[in-house]
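Summary of structural features
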Amino acid sequence: MQEVFYEESVAIHNPKPAKARYTMFTVFGWLCIISAVFAVFNVWLMFFMPVDSDQEIDISMFLLSLVPWAVMFVLALAGAILLMRKRHSFYLSYDYTFVSGELRISKVFHERRRKLLYRLTDDKLIKIGRIGSESYKKLKASPDIKEEILTPNDEAAEDKEFYYIQAATSVGKRLLVLECRQELLATILRYTRKNIIETEFNRK
């Protein structure tokens, strides 16, 4: 049997705000790294600071004086890790891939790291339609269905539209919002049940 393959990617249309946030998080991340190094350096100085031989050292007071630097180091290190990892999440893109009857949706961080979100086979797909339709509004209002936006954009690209896919996933019913060409839906429908398309789909 011949394998069917169709893939679309959607990237952020306006990268300027994402670039600004990336730069800001990078700067603050490096400030946290510098703060952590500064805290370690000060502790090192305190350990090797010369002391008069006849001077008695109060161990408890000495350890107590280390606490602020230890707290500073932990907070700065945690901040650095969080900021340096989070900075890549502003450059988001999504891949929608249909391979022999299975729809795979992945999130891509800064074109570096890919995370597979969903693998949806024919039996997991419940309904497909346009964002803004009556069917979409009813599904979105349903308390047992959670909507998940799988595009980084508020406006669709010129050759694409926003569509939804209602699916049964391992984490419950989901209303998945995609920004794609109609060719992706046509490919899905070609190899799955035709009755999953919403009745008002062609009344645009």
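Structure first, text after, so check above.
Remember, predicted model here, so these are calculated numbers, not experimental data.

What follows deals with the pattern of salt bridges. In the structure shown here, the tally under the stated rule is nine salt bridges. Among the salt bridges present, the one from R104 reaches E102, with a minimum N-O distance of 2.6 Å. According to the relative accessible area criterion, R104 is partly exposed, its value standing at 28%. Here K173 and D144 are joined by a salt bridge, their closest N and O atoms 3.8 Å apart. One end of the pair, K173, is in strand β8 (residues 172-180); the other, D144, is in the loop between α3 (134-141) and β6 (146-149), and 29 residues separate them in sequence. By relative accessible area, which is 38% here, K173 ends up partly exposed.

Before going further, it helps to examine the sheet that holds strand β2 (residues 92-99). Think of a sheet as strands paired side by side through backbone hydrogen bonds, with each pair either parallel or antiparallel. Strands sit in the order β1-β2-β3-β4 across an open sheet of four strands; the sheet is antiparallel. Where the open sheet ends on each side, the last strands, each with one partner, are β1 (5-11) and β4 (113-121). Pairwise comparison of adjacent strand axes, ignoring direction, gives a mean angle of 15 degrees for this sheet. By the bridge criterion, seven bridges tie β1 to β2 in an arrangement that is antiparallel. Looking across to β2, one finds that Y6 is bridged to F98. Contacts from helix α4 (residues 182-190) reach β1, β2 and β3 (102-109) within the one sheet, and its direction differs from that of β1 by about 150 degrees.

Moving on, we get to the sheet that holds β6. Spatially, β5-β7-β8-β6 is the arrangement adopted by the four strands of the open sheet, whose pairing is mixed. At either margin of the open sheet sits one strand with a lone partner, and together these are β5 (125-130) and β6. Averaged over neighbouring strand pairs, the angle between their axes works out to 20 degrees when direction is ignored. Alignment of β5 against strand β7 (residues 161-169), held across five bridges, turns out to be antiparallel. Bridge pairing in β7 places G129 opposite Y164. This element, α3, spans β5, β6, β7 and β8 of the sheet and lies at about 45 degrees to β7.

It is worth spelling out the pairing of β7 at this point. In this structure, β7 lies alongside β8, joined through nine bridges in antiparallel fashion. Note that in β8 the partner of Q166 across the bridge is L175. Connecting the antiparallel pair β7 and β8 is a turn made up of two residues.

Criteria and thresholds
Residues numbered from 1 in each chain as written. Predicted model: local features only at pLDDT ≥ 70, side-chain atom pairs only at ≥ 80, totals over all residues. Heavy atoms only, no water. Salt bridge = Lys/Arg side-chain N within 4 Å of Asp/Glu carboxyl O. Buried < 20%, exposed > 50% of the residue type's maximum accessible area, 1.4 Å probe, protein only. Helix = DSSP H or I, 4+ residues; strand = E, 2+ residues; numbered from the N terminus. Pairing = 2+ DSSP bridges. Axes fitted to C-alpha atoms, helices over the stretch in contact; angles between N-to-C directions. Contact = heavy atoms within 4.5 Å.

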